[in-house]
Amino acid sequence: MILDHVEAIIDQLIAEIDFPQASELFSKLSGGKRLRARLILSIAPSHPDAPLLGAIVELIHAASLLHDDVIDEAMTRRGTPSVNATHGSKMAIMLGDILYSKAFSSLTSFDPLIARSIAESVTKLSVGEMMDVTMGEAFNSNRESYLKMLYLKTATLIESCAYCAALLEEKNPSSYAVYGKNLGLAFQIVDDILDITSNSVMLGKPALNDFVEGKTTLPYIDLYDELSKEDKEKLISFHGRSLDADEKEWLFSSMEKYGVIEKSYSYAQALCDEAILALPDENALRAIITTVIRRSY
Ligand code: FPP
Ligand code: MG
C-alpha cells in the first residue's frame, strides 16, 4: 500500500534528526488515521514528491496535537496516554518543536507556492487554537465564531493539503481547495459529535470531554438556541466543569428532544455534499468523504 511509503519517509525524517531520545519518544505516538497524507496521495497518486509532502504534513499534524494536548491538559490521545501524561508537558512541547521544525526544513525543497501554502495554514491553525482556548473561557452561543475557529483550527491544513497536491498533479487547485475546506469542516464537526455520542473506549477519551474543557461545540450551540430562558441558564451553568449523572441525563435527553445531534450531522453532510460538488468526477475523494462522515471514532 502506498501509505507505507509515507510511513517509511516519516521514519527517515525522524532518523535524520539523529537524536535517539526524540526517535524513542516519537515511536510511542500512534500514527492515527493519516487523513491528510491519504488525501494528498489520492489527489496526486503518481507524483514522486507526494509521499514526502504527506509525511511532512503528518509531522506538522503530530506536532500540533502534542502541543494541543498540553494546552488542553489532555491525558489521552488516540486511546493511549498522551506524551504530556507519560513524560510531562516540557517533553511534549519539545518533541512538537522538533517535529514541526524538521517538517518545515523538508518543506523548503518544494515549490515556494506549496511551501507558502502549508506554512500559512500552520499560522492559521495556531490562530485557530488560540481562538479555541479564548472562546473556551465562557459559554459560546455564537455559531459564526465557532465555525470560523473550526475553519482555522482544522480545515485550513486539510484545505492546503488538497490545494498543494492539486498543484503537484497540475490539477485545478481552487476546486481541490474547496473540497479540502469542506472536508476539514465536516471532519471536525463529526469529531465534536463523537465527543457526545461515543463511549470513552472508542474515542480514547471521556465522552463530553469538549464541554468539560470549555468547548461549546455545534450541538451545544444548537441546543442553546432551542432552550427556554431558564434552561439556557441551566446549560450555561454546566459549562467548563464535570457533570454528575443527573446533569448528564438532562443534557442527553434535551439533546434528543431537540434533535441537535441529527442537526449537526445534517450540517456535516451538507458540507460533504458541497465538497463532492466541487469535484464531481473524483471517486477516490468521494470515498474519503464517506469514511469521514460514517466513522465512529
Ligand atoms: C485539536 O483540536 C487541535 C488542532 C487540530 C490544532 C492545534 C494547533 C496548535 C496547537 C498550534 C501549534 C502548531 C504546531 C505545528 C506546533 P481539539 O482539541 O478540538 O481536538 P482533540 O479532541 O483531538 O484534542
Ligand atoms: Mg485537544
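Higher on the page you've got the structure.
**Some thoughts on the coordination of the magnesium ion (ligand 2)**
Around the magnesium ion (ligand 2), the protein contributes the donor atoms Asp68 (OD) and Asp72 (OD), at 2.0 to 2.1 Å from the metal centre. With respect to burial, Asp68 and Asp72 carry one shared label: buried.

**Topic: the nonpolar core**
Formed by 94 residues in total, the largest nonpolar core has its most connected members in Leu39, Leu99, Tyr179, Leu235 and Leu251. With 15 residues, helix 8 (residues 143-168) is the largest single contributor of residues to this core. Setting aside residues no more than four positions away along its own chain, Leu251 makes contact with Leu208, Tyr220, Leu223, Leu235 and Leu243.

**Let's talk about the packing of aromatic side chains**
All told, the structure shown has five aromatic pairs when counted by the stated rule. Measuring from centroid to centroid gives 4.1 Å for Phe211 and Tyr220, while their planes differ by 10 degrees, and the two rings are stacked. The two residues Phe211 and Tyr220 agree in class, both being buried. When the ring of Phe238 is compared with that of Trp250, the centres are 5.5 Å apart and the planes differ by 85 degrees; the resulting orientation is edge-to-face. Placement of the pair is Phe238 in helix 13 (residues 229-238) and Trp250 in helix 14 (residues 245-257), with a sequence separation of twelve residues. In terms of burial, Phe238 and Trp250 fall into one category: buried.

**Looking at the environment of Ile71**
By the secondary structure assignment, Ile71 is in helix 4 (residues 50-71). The sequence separation of Ile71 and Ala186 amounts to 115 residues, and the corresponding C-alpha distance is 23 Å. Residue contacts for Ile71: discarding those within four places in its chain leaves Glu129 and Val133.

**A short note on unusual backbone geometry**
Among all residues except glycine, the phi angle is most often negative; among peptide bonds, the trans geometry is most common. The phi angle at Arg78 is positive, at roughly 50 degrees, despite the residue not being glycine. Relative to the helices and strands, Arg78 is located in the loop between strand 1 (76-77) and strand 2 (80-81). In this structure, Glu170 takes a positive phi of about 55 degrees despite not being glycine.

**Quick notes on the layout of surface pockets**
Empty space within the second largest pocket amounts to approximately 370 Å³. Of all elements in the fold, only helix 1 (3-17), helix 2 (20-27), helix 4, strand 2 and helix 5 (83-87) reach the threshold of two or more residues within the lining of the second largest pocket. Counting residues per element, the lining of the second largest pocket draws most heavily on helix 4, which supplies six residues. Here the lining of the second largest pocket is built from residues that sort into nine nonpolar, seven polar and eight charged.

The rules behind these values
- Residues numbered from 1 in each chain as written.
- Chains lettered and ligands numbered in written order.
- Predicted model: local features only at pLDDT ≥ 70, side-chain atom pairs only at ≥ 80, totals over all residues.
- Heavy atoms only, no water.
- Donors = N, O, S within 2.8 Å, 3.2 Å for Na, K, Ca; no water.
- Buried < 20%, exposed > 50% of the residue type's maximum accessible area, 1.4 Å probe, protein only.
- Core = buried A, V, L, I, M, F, W, Y, C linked by side-chain atoms within 4.5 Å.
- Helix = DSSP H or I, 4+ residues; strand = E, 2+ residues; numbered from the N terminus.
- Contact = heavy atoms within 4.5 Å.
- Phe/Tyr/Trp six-rings, centres within 6.5 Å; stacked < 30°, edge-to-face > 60°.
- 1 Å grid on protein atoms, 1.4 Å probe; cavity = no way out; pocket = protein on both sides within 12 Å on 5 of 7 lines; lining within 4 Å.
- Points joined across faces, edges and corners; volume = space filled by probe spheres on them.
- Nonpolar A, V, L, I, M, F, W, Y, C, P; charged D, E, K, R; others polar.

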